[in-house]
Each structure stands twice: as structure tokens, then as C-alpha cells.
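# Coordinate inspection notes
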Amino acid sequence: MTRIRRGYVARRRRTKIRLFTSSFRGAHSRLTRTIIQQKIKALFSAYRDRNRHKRNFRCLWVTRINAAIRENEVSCSYSRLINNLYKRQLLLNRKILAQLAILNRNCLYLISNDMIK
């Protein structure tokens with residue numbers, strides 16, 4: 001019985017995986033088994049770090065708002081400010097408040113003083 005030559009299917013599959021890992025260094029871009037492992041690892045890290053990225057920015061915004069609020073003469077904590085915003089049903093998210101804290105502190109002070117009264 002003659003040997004069956006496998007066609008282009010497997011080679012095409014490996015080439016597609018190689019294109020994904022072409023920028024990796026060393027065996028991570030040359031050996032098929034290692035390529036598959038590195039592709040799985042890279043995709044998993046990308047998925048995990050997308051959520052981590054959002055979490056880090058939210059922490060940054062909270063820190064900026066808290067620092068700006070505490071500089072105000074009427075010292076109010078971050079949690080009180082957010083609580084009062086929810087009570088008054090003002091739709092300002094943390095990203096917008098952090099931008100106000102950096103670019104326009106007076107506006108943030110007006111909002112926080114309005115909340116306290």
C-alpha cells in the first residue's frame with residue numbers, strides 16, 4: 001500500500017497559525033507545537049487584560065476625583081459625592097468627573113458644593 005500524501009489542509013492550518021505568531025521570538029514563531037501553545041496564551045492574556053485595562057482606568061478616575069474633592073475647602077469624601085450624585089439623579093459618570101477634576105476644577109467644586117447643601 002502506498003503512502004497517502006496529506007494535501008494542503010494541514011499545511012494551510014499551520015500557516016494560518018504561523019501568521020498569527022510571526023512576530024514572536026525564537027521557537028515561539030517556528031515550531032508548530034510551541035506556536036499553538038503561545039497562540040492560546042496570547043489570546044487568553046488579551047482577553048484577561050481587556051477587563052484589567054477597564055479596571056485600572058476606573059481606579060485612576062476614582063483617585064483623581066477623590067484627590068480633587070479633598071483639596072476643596074468643604075472637605076467631602078469621594079463616597080459621599082457619588083452617593084449624593086445618585087440621590088440627585090445626576091448622570092455624570094466617573095470618567096467625566098475625572099476630566100472635570102483635571103481640566104475644570106471650579107466646575108467640580110460647584111457640583112460638590114451643590115451636593116452638600
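Above this text sits the structure in question.
Now for a quick tour of the structure. (Residues numbered from 1 in each chain as written. Predicted model: local features only at pLDDT ≥ 70, side-chain atom pairs only at ≥ 80, totals over all residues. Heavy atoms only, no water.)

### Side note on the packing of aromatic side chains
If you walk through the whole model with that rule in mind, you get two aromatic pairs. Plain terms: the ring middles of Phe20 and Phe24 are 6.5 Å apart, the flat faces sit at 75 degrees to each other, and that makes the pair edge-to-face. Owing to a relative accessible area of 36%, Phe20 belongs among the partly exposed residues under this scheme. Overall, the relative accessible area of 25% leaves Phe24 in the partly exposed class. Relative to Trp61, the ring of Phe57 has its centre 6.0 Å away and its plane inclined at 45 degrees; by these criteria the two rings are tilted. (Phe/Tyr/Trp six-rings, centres within 6.5 Å; stacked < 30°, edge-to-face > 60°. Buried < 20%, exposed > 50% of the residue type's maximum accessible area, 1.4 Å probe, protein only.)

### Brief notes about the nonpolar core
General note: in soluble globular proteins, nonpolar side chains tend to be found buried as a group. Formed by 15 residues in total, the largest nonpolar core has its most connected members in Ile65, Ile69, Leu81, Leu85, Leu97 and Leu108. For this core, the elements supplying multiple residues, two or more each, are α2 (32-71), α3 (78-88), α4 (94-103) and α5 (105-116). Not counting the four nearest positions on each side in its chain, Ile65 is found in contact with Tyr78, Leu81, Arg94, Leu97 and Ala98. (Core = buried A, V, L, I, M, F, W, Y, C linked by side-chain atoms within 4.5 Å. Helix = DSSP H or I, 4+ residues; strand = E, 2+ residues; numbered from the N terminus. Contact = heavy atoms within 4.5 Å.)

Just geometry here; none of it tells us what the structure is for.
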